[in-house]
Amino acid sequence: TRVSKNILFVSKNKKCSLDRLIQELKFNTELSFYQYNLNYFFDEQIDAPNMKLRSEVVQYFLDTFTECLENIVKHSQCNRVDIFIQQQKQKISLSIKDDGSGFNYHSMKDKPGSYGLDILSQMTSDLNGQLEINSKIGAGTFIKLTVIN
């Protein structure tokens, strides 16, 4: 499973650099979207590509990114996804925007049996990070994850 793959990546990359994490995120994007023929654009603005990341930060970005990609493939019915990672000093942000069907965040958050949004929120909270989710039915979804390394 992808979660197992994420754990293995973290254990094999104890001193993971930001650049190495970005390579892994790009690889996961290609794997997720290729078979669905989804168009995507991946961009980054980083000052310190060799910055070593705490293993908790690497695990967080891999797991939350995996959750977001899976939700895009399963639910969004989108044609394009824009992914942007930004780093300023110790602050790292990952933004994901799709042009899909969107959803009502408040009704989905409280929906029984739906744990994805709760998982994103809890993982972000565990690292004292920030999670921003904006979605509108018919207009796609924007998610921004921010943590301090």
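Data block above holds the structure.
Note that this is a predicted model, so its numbers are computed, not measured.

## A short note on the packing of aromatic side chains
In the structure shown here, the tally under the stated rule is two aromatic pairs. Here the aromatic rings of Tyr60 and Phe61 are separated by 5.2 Å at their centres, their planes lie at 70°, and the arrangement is edge-to-face. On the basis of relative accessibility, which here comes to 3%, the residue Tyr60 falls in the buried class. Residue class for Phe61 comes out buried when judged on its relative accessible area of 0%.

## What about the pattern of salt bridges?
Using the criterion set out here, one finds four salt bridges in the structure. Of the charged contacts, one joins Arg20 and Glu24 as a salt bridge, the two residues approaching to 3.8 Å between their closest N and O atoms. Remark: Glu24 and Arg20 occur in helix α2 (residues 18-34); sequence separation between them is four residues, near one turn of the helix.

## Topic: the environment of Asn28
Along the chain, the position of Asn28 falls in helix α2. On a C-alpha basis, the gap between Asn28 and Cys16 in space is 16 Å, while along the polypeptide they are twelve residues apart.

## Quick look at α2
With 17 residues, α2 extends 24 Å from end C-alpha to end C-alpha; this agrees with the ideal 24 Å at 1.5 Å per step. Those residues of α2 that sit buried are Leu18, Leu21, Ile22, Glu24, Leu25, Asn28, Thr29, Ser32 and Phe33. Projected down its long axis, α2 shows its buried positions confined to an angular sector of 160°, all on one face.

## A look at unusual backbone geometry
Residue Asn37 is not a glycine yet carries a positive backbone phi of 55°. Along the chain, Asn37 falls in the loop between α2 and β1 (39-45). Among the residues examined, Asn37 registers a relative accessible area of 65% and is labelled exposed. Positive phi values are uncommon outside glycine, yet Lys89 reaches one of about 55°. On the secondary structure map, Lys89 appears in the loop between β2 (80-88) and β3 (91-98). Given a relative accessible area of 71%, Lys89 falls into the exposed group.

## Let's talk about the environment of Leu21
Along the polypeptide, Leu21 turns up in helix α2. With 38 residues separating them in the primary sequence, Leu21 and Gln59 have C-alpha atoms 9.7 Å apart. In this structure Leu21 touches Cys16, Leu53, Val58, Phe61 and Leu62, once residues within four positions along its chain are discounted.

## Some words on the pairing of strand β5 (residues 140-148)
In this structure, β3 lies alongside β5, joined through eight bridges in antiparallel fashion. By the bridge assignment, Lys91 is partnered in β5 with Ile148. The pairing of strand β4 (residues 130-136) with β5 spans seven bridges and is classified as antiparallel. From the neighbouring strand, Gln130 faces β5, where its bridge partner is Thr146. The turn linking β4 back onto β5 is made up of three residues, and Gly138 within it adopts a positive phi angle of 85°.

## Things to note about the packing of α2 against helix α3 (residues 55-76)
Look at α2 against α3: their axes get within 11 Å of each other, and the N-to-C directions meet at 20°. With respect to α3, the axis of α2 lies roughly parallel. Relative to α3, the crossing made by α2 is right-handed. Every residue of α3 that contacts α2 at Leu21, Glu24, Leu25, Asn28, Thr29, Ser32 and Phe33 is listed here: Val58, Phe61, Leu62, Phe65, Leu69, Ile72 and Val73. For the contact of α2 with α3, the class distribution of residues is ten nonpolar, three polar and one charged.

Conventions adopted
- Residues numbered from 1 in each chain as written.
- Predicted model: local features only at pLDDT ≥ 70, side-chain atom pairs only at ≥ 80, totals over all residues.
- Heavy atoms only, no water.
- Phe/Tyr/Trp six-rings, centres within 6.5 Å; stacked < 30°, edge-to-face > 60°.
- Buried < 20%, exposed > 50% of the residue type's maximum accessible area, 1.4 Å probe, protein only.
- Salt bridge = Lys/Arg side-chain N within 4 Å of Asp/Glu carboxyl O.
- Helix = DSSP H or I, 4+ residues; strand = E, 2+ residues; numbered from the N terminus.
- Expected span 1.5 Å × (residues − 1).
- Arc of directions from axis to C-beta.
- Contact = heavy atoms within 4.5 Å.
- Pairing = 2+ DSSP bridges.
- Axes fitted to C-alpha atoms, helices over the stretch in contact; angles between N-to-C directions.
- Parallel < 35°, antiparallel > 145°, perpendicular 65-115°, else oblique.
- Left-handed = near helix turned anticlockwise from the far one by under 90°.
- Nonpolar A, V, L, I, M, F, W, Y, C, P; charged D, E, K, R; others polar.

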